[in-house]
Amino acid sequence: MSRFHPNIVVSDVFGSAGDVTAHHRDGKTYLRKRSRPVHPMSEAQAAHLEVHRRALAAWRDVPDEVKERWNEFAREVEPHRPPFDHSSWISGQNLFVSAYHGFFTLGDEHVPEAQRFVSFPPFAVSVVEAAEAGENLVVRVETAGLSYVEASRYWLYGKVQLMPAGSGIGNAAWKSVLAAGACSSSPVELILKDWRNVWPEVDVEASALQMHGKFVLLDAETGYRSQRRRGSWLIEIG
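Cut-offs used in this document
Residues numbered from 1 in each chain as written. Predicted model: local features only at pLDDT ≥ 70, side-chain atom pairs only at ≥ 80, totals over all residues. Heavy atoms only, no water. Pairing = 2+ DSSP bridges. Helix = DSSP H or I, 4+ residues; strand = E, 2+ residues; numbered from the N terminus. Axes fitted to C-alpha atoms, helices over the stretch in contact; angles between N-to-C directions. Parallel < 35°, antiparallel > 145°, perpendicular 65-115°, else oblique. Contact = heavy atoms within 4.5 Å. Nonpolar A, V, L, I, M, F, W, Y, C, P; charged D, E, K, R; others polar. pLDDT = per-residue confidence, 0-100. Buried < 20%, exposed > 50% of the residue type's maximum accessible area, 1.4 Å probe, protein only.

*Asks:* How do you make sense of the sheet that holds strand 8 (residues 175-178) when you look at a structure like this?
*Replies:* The strands making up a sheet associate through backbone hydrogen bonding, with each pair oriented either parallel or antiparallel. The sheet built from 4 strands is open, its strands ordered 8-7-10-11 with antiparallel pairing. Of all strands in the sheet, those bounded by a partner on one side alone are strand 8 and strand 11 (229-236). Taken pair by pair, the neighbouring strands of this sheet meet at an average axis angle of 30 degrees, ignoring direction.

Here it is in structure tokens:
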């Protein structure tokens, strides 16, 4: 993987072309060989693709004057990938599809209305406690930073990986999880289903484990999502 260096002709690159893919990490851009998986999609990946197709089909049915409103609102939105210097923005279609996916994740799939993107409040995630409930692991987490906003409109959503205590991020599975309630009921519960089979790397006799997470806030009023927050927590299983 080689580093891409901006110049006066090309300030940044995104996506794939030929056998090369641009990859962004820690504010820097790298070029690597394009991945061409030979394995079929998983059931979850296929389901996600179907949602995306429905979102694109819904966008095609949006009247032109409404599309222009989406485009107007999108020009105010900074992308979730660099550069973060207000020199680029997303399209109205991007904003529409993002909202569509957000509502689907919240269990409320529908064609979203064009709404202005409002900046999300800063937030932080911390683990309170964890306990087994049958085959599931219930992790209770605090979402700090929402004391002065309407927290009931925000839901915590992300991907987690469980590893042996003290371990860094590994090759284990990442699983998506939506909190069991809005952030107004903080701490909220993350229910990790059938966790011991999903993460066999964790010793069945262990009383502690490491949870790595990548979280966003989902806005139940707009379907939009915040920038991602990463973290790692040592969890004692009660």
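*Asks:* What should I look at first to understand the packing of helix 2 (residues 64-74) against helix 3 (residues 92-105) in this one?
*Replies:* Working note: a packed helix pair is described by the angle between its axes plus the distance between those axes. Two elements in contact, helix 2 and helix 3, have axes whose closest approach is 7 Å; the angle formed by their N-to-C orientations is 95 degrees. Taken together, the axes of helix 2 and helix 3 lie roughly perpendicular to each other. Counting all contacts with helix 2, which are made through W70, N71, F73 and A74, the residues of helix 3 involved are G92, Q93, L95, F96 and A99. Among the residues forming the contact of helix 2 with helix 3, the class breakdown is 6 nonpolar, 3 polar and no charged.

*Asks:* Looking at this structure, how should I read the confidence of the model for the chain?
*Replies:* Close reading of the predicted structure is inappropriate where its pLDDT is low. With 94% of its residues at a pLDDT of 70 or more, the chain has an overall mean of 89. Mean pLDDT across the secondary structure elements of the chain bottoms out at strand 2 (residues 16-17), with 75, and peaks at strand 9 (residues 188-192), with 97.

*Asks:* Before we go on, may I ask you to explain the pairing of strand 5 (residues 124-133) in this structure?
*Replies:* Both faces of the sheet carry side chains from a regular strand, because those side chains alternate between them. When strand 5 meets strand 6 (residues 136-144), the two strands line up antiparallel, connected through 9 bridges. By the bridge assignment, A130 is partnered in strand 6 with V139. Following strand 5, the chain reverses through 2 residues before pairing antiparallel with strand 6; G134 in that reversal takes a positive phi of roughly 70 degrees.

*Asks:* Sorry if this is basic, but what is going on with the environment of V139 here?
*Replies:* Mapped onto the secondary structure, V139 falls in strand 6. For V139, a relative accessible area of 0% translates into the label buried. The spacing of V139 and E236 is 97 residues in sequence and 10.0 Å in space, taken between C-alpha atoms. Residues within four places of V139 in sequence aside, it is in contact with V127, E129, A130, V188, E189, L190, L192, M211 and I235.

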